[in-house]
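# Descriptive structure summary
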Amino acid sequence: MEDSQTKARILIEALPYIRAFSGKTFVIKYGGSTRKGEEQTSPRPEDISFADDLVLLVHIGIRPVVIHGGGPEITRMMNRLGLESRFVDGLRVTDRPTMEVVEMVLSGKINRELVTLVQKRGGRAVGLAGRDGNLLLGERKRKDLGFVGQIRSVNTEVLDLLDRHRYVTIVAPIGVDEEGDPLNINADDAAAEIAGALKAEKLIMMTDTPGVLDAEQKLIATLTPPKVREMLENGAIHGGMVPKIQGCLRALEAGVRKVHVVDGRIPHSLLLEIFTPEGVGTEILGGETPS
Ligand SMILES: Nc1ncnc2c1ncn2[C@@H]1O[C@H](COP(=O)(O)OP(=O)(O)OP(=O)(O)O)[C@@H](O)[C@H]1O
Ligand SMILES: [Mg+2]
C-alpha cells in the first residue's frame, strides 16, 4: 500500500514539470564516457534505461534531440585495425584513415545501436550524421589536426522535419565542410551549437561523473555562469569537463534556458534530473529567472 502511494506521489510530483516542458526541445549529449565498458554484444543496461527515458519524453510531448560521443570506442577500433591514436590538446589528430574509422564507429556503429535500441523500446528514432542535410557545416580547426573541425553554422531544417513526425533524432557529431569533406567534431560542441540553434529549453550533458564537482570533489547542485568561469580559471574544472562547460556557457548565451550535467552511468538519471525538484546532477542557470 505504502509502495503504491509512493508511486502515485512520484507521478503527481512530475506533473508540473510535464506541463511546463510539453512541446519543448531538449538537446541531450550522450557522452562516450558513459559507455566505457568493454565491448558487449547485448545492449548495456544504462543504454536501455536511457532509451526508455527518451521514449517516455516523446510520449509526454517533449522533443529530444540526442548527440552522442564515442571517443573510447574509436580508440578501441583504431587498436583493432593497428592504427595509432594521437592527441594534441585533447583533440584526436584525424588523418584520412582515422576519419574513416571515426565515421565507421560513430555513424556505422554507435548511432545504429542507439537508434535500434530506442525502436526496440517502443520509440520512433532516426539516426543522422551532422553531414546529413548540412546539419553541421564547418571548417577545419587547425592545420595540424587534419579533419578535426569546428562548426560555422547549424541547419536545423532536417531536425524540424523529423520532429514534426515525432521522431527521436540521434546525431553523430560529424560535420561537413564547403568541399563536402567530413569533419570530426567534438560532441560537446555539436550538442551546444545544436541546442543554441534550436533555442532549446534544456541542454543536458550526460557524462561519467555525478555532475560538476568542486575542488573537494563534492557535487555542486546549482551553478551560475560567473561561478563557472571562476572554476574554469582556477582549474577546478579541467580536462574533458572544459569543452563541455564552455559549450554550456555558449548555449546559455544563445538562449538555451537551462543546462544540466548529469551522470549517465546511473539508470534514469535523465528523468530524475528533469522531473524532481532536487535533481541528481548539476544545473547551470542562464541569465534570469531560475525555475
Ligand atoms: N570539476 C569537475 N567536475 C566533474 N568532472 C570533471 C571536473 N573537472 C574535470 N572533470 C573530468 O571531466 C570528465 C568528463 O569529460 P569526458 O570528456 O571524460 O567525458 P564525456 O565528454 O562524457 O565523454 P566523451 O568525450 O567520450 O563524449 C570527468 O570524468 C572528470 O574526469
Ligand atoms: Mg568529452
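Now for a description of the structure that goes with this document. (Residues numbered from 1 in each chain as written. Chains lettered and ligands numbered in written order. Predicted model: local features only at pLDDT ≥ 70, side-chain atom pairs only at ≥ 80, totals over all residues. Heavy atoms only, no water.)

Among the residues of helix 5 (residues 157–164), V158, L159 and L162 are the ones counted as buried. Buried positions in helix 5, seen along its axis, are confined to an arc of 100° and lie on one side of it. Facing away from the buried side of helix 5 by more than 90 degrees, the exposed set consists of E157 and R164. On its buried face, helix 5 is in contact with strand 2 (63–68), strand 5 (125–129), strand 8 (168–172) and helix 6 (187–197). Directly beyond the C-terminal end of helix 5, a positive phi value near 60° is found at R166. (Buried < 20%, exposed > 50% of the residue type's maximum accessible area, 1.4 Å probe, protein only. Helix = DSSP H or I, 4+ residues; strand = E, 2+ residues; numbered from the N terminus. Arc of directions from axis to C-beta. Contact = heavy atoms within 4.5 Å.)

I28 and L57 are the most contacted members of the largest nonpolar core, which has 40 residues in total. Residues contacting I28, with those up to four places away along its chain left out, are F50, L54, L57, P64, V65, V66, I67, I204, M206 and L270. By size, the runner-up hydrophobic cluster in this structure holds 39 residues, among which are L136, A191, V212 and L249. (Core = buried A, V, L, I, M, F, W, Y, C linked by side-chain atoms within 4.5 Å.)

Taken together, 21 residues sit near ligand 1, with S33, T207, D208, H238 and K244 positioned nearest. Within the side chain of K29, a nitrogen or oxygen atom sits 3.1 Å from an oxygen atom of ligand 1. Interatomic distance of 3.1 Å between a backbone N/O atom of H238 and a nitrogen atom of ligand 1. When ligand 1 is considered free in solution it has 640 Å² of accessible area, and contact with the protein chains removes 78% of it. Given that more than half its atoms are within 2 Å of the pocket grid, ligand 1 belongs to the largest pocket. Within the residue set of the shell around ligand 1, elements represented by two or more residues are helix 3 (71–80), strand 11 (202–207) and helix 8 (241–253). Residues that form the shell around ligand 1 fall into these classes: seven nonpolar, 10 polar and four charged. (Near = heavy atom within 4 Å. Polar contact = N/O pair within 3.5 Å; in protein donor to acceptor, adjacent residues only side chain to side chain. Areas by Shrake-Rupley, 256 points an atom, 1.4 Å probe, with all protein chains shown as cover. 1 Å grid on protein atoms, 1.4 Å probe; cavity = no way out; pocket = protein on both sides within 12 Å on 5 of 7 lines; lining within 4 Å. Sits in = over half its atoms within 2 Å of the grid points. Nonpolar A, V, L, I, M, F, W, Y, C, P; charged D, E, K, R; others polar.)

Let us look at the sheet that holds strand 8. The sheet built from eight strands is open, its strands ordered 5-8-2-1-11-13-14-12 with mixed pairing. Each of the sheet's edge strands pairs with one partner strand only, and the pair in question is strand 5 and strand 12 (222–223). Relative to strand 2, strand 1 (residues 25–30) is paired through six bridges, and the arrangement is parallel. Residue Y30 lies in a different strand from strand 2, and its bridge partner there is H68. (Pairing = 2+ DSSP bridges.)

Within this structure, the stated rule accounts for 22 salt bridges. Here K109 and E73 are joined by a salt bridge, their closest N and O atoms 2.7 Å apart. With a gap of 36 residues between them, K109 in helix 4 (residues 96–120) and E73 in helix 3 connect regions that are remote in the sequence. Like E73, K109 is buried. The partner of E113 in a salt bridge is K109, and the shortest N-O contact between them spans 3.1 Å. Placement of both E113 and K109 in helix 4 is noted, with a separation of four residues, approximately one turn of the helix. Each of K24, E201 and R257 takes part in a single network of salt bridges with overlapping partners. (Salt bridge = Lys/Arg side-chain N within 4 Å of Asp/Glu carboxyl O.)

Counting buried positions over the six residues of strand 11 gives six, a clear majority of the element. Covered by surrounding structure in strand 11 are K202, I204 and M206 together with L203, M205 and T207, the residues of both alternating faces. Summarising the sheet, strand 1 and strand 11 pair through five bridges and their orientation is parallel. Counted as the bridge partner of I28 is I204 from strand 11. Note that strand 11 and strand 13 (residues 258–263) share six bridges and pair parallel. What sits directly across from L203, in strand 13, is V259.

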